[in-house]
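Summary of the model geometry
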Amino acid sequence: MKKIMLFVSAVAVGLLFAGCVSVEAVQGSDLNGEGIANTGTPVAHINAQNWGIYLFSIPLLTGATDTPGSIAVLKDTVNVESMIPVVTARSRALKATKTLDLASQFSVGGFIFYTRSINVSANAVR
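Residues numbered from 1 in each chain as written. Predicted model: local features only at pLDDT ≥ 70, side-chain atom pairs only at ≥ 80, totals over all residues. Heavy atoms only, no water.

Description of unusual backbone geometry
Positive phi, normally seen in glycine, also occurs at Leu 74, with a value near 60°. One can find Leu 74 in the loop between strand S4 (71–73) and helix H2 (80–93). Look at Leu 74 and you get exposed, because its relative accessible area is 57%. Although it is not a glycine, Lys 95 sits at a positive phi angle of roughly 65°. Its location among the elements puts Lys 95 in the loop between H2 and strand S5 (98–110). Given a relative accessible area of 61%, Lys 95 falls into the exposed group. (Helix = DSSP H or I, 4+ residues; strand = E, 2+ residues; numbered from the N terminus. Buried < 20%, exposed > 50% of the residue type's maximum accessible area, 1.4 Å probe, protein only.)

Below, the structure written as structure tokens:
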């Protein structure tokens, strides 16, 4: 019985702190008239974040890049390859013709159970 309670508690904590993808865009007047690109008309600065919980190198709970805000189970989505389509999709949704100045930051913390996080940003331009 104690093992079952421990397992249920671990699952509950895992779901509470599970990975998530978030995408934010700063547009228009919030750019303070800054030219975020050398050519074209600035549309927005886009920032996408994702993080997840891993056991050694096995992804347990990560953010679902195909549906931001959802959880992916046993999928390694905390990487640049998974996040670039999220950023470019938001850029396209904002009617931008180019996504420029892509930058990413990756971090890892923990020992046996650890977290990975990635932050990808870019400028959307027409």
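After presenting the structure, the write-up continues.
So, the packing of aromatic side chains
What describes a pair of aromatic rings is the distance from one ring centre to the other and the angle between the planes of the rings. Counted according to the given criterion, the structure contains one aromatic pair. Between the aromatic rings of Tyr 54 and Tyr 114, the centroid separation amounts to 5.8 Å while the plane-to-plane angle is 20°, which identifies the pairing as stacked. Note that Tyr 54 is positioned in strand S2 (residues 42–55) and Tyr 114 in strand S6 (residues 113–125), a separation of 60 residues in sequence. This pair shows no difference in class: Tyr 54 is buried, exactly as Tyr 114 is. Seen from the ring of Tyr 54, Arg 116 lies directly overhead, with NZ or CZ sitting 4.2 Å from the centre. (Phe/Tyr/Trp six-rings, centres within 6.5 Å; stacked < 30°, edge-to-face > 60°. Lys NZ or Arg CZ within 6 Å of the ring centre and 35° of its normal.)

A closer look at the side chain of Thr 77
Structurally, Thr 77 is set in the loop between S4 and H2. For Thr 77, a relative accessible area of 9% gives the class buried. Not counting residues within four places of it along the chain, the set of residues in contact with Thr 77 comprises Asn 50, Tyr 54, Thr 62, Gly 63, Thr 65, Ser 82 and Met 83. (Contact = heavy atoms within 4.5 Å.)

A short note on the nonpolar core
Ranked by size, the top nonpolar core spans 18 residues in total, and within it Val 23, Val 43, Ile 46, Ala 48, Met 83 and Val 87 carry the most contacts. Breaking this core down by element, the ones donating at least two residues are strand S1 (20–27), S2, H2 and S6. Not counting the four nearest positions on each side in its chain, Ala 48 is found in contact with Ser 22, Val 23, Met 83, Val 86, Val 87, Ile 118, Asn 119 and Val 120. (Core = buried A, V, L, I, M, F, W, Y, C linked by side-chain atoms within 4.5 Å.)

Structural notes on the confidence of the model for the chain
A residue-level look at the chain finds 88% of positions with pLDDT of 70 or above and a mean pLDDT of 87. Element-level mean pLDDT values for the chain span from 62 in helix H1 (residues 2–16) up to 96 in H2. (pLDDT = per-residue confidence, 0-100.)

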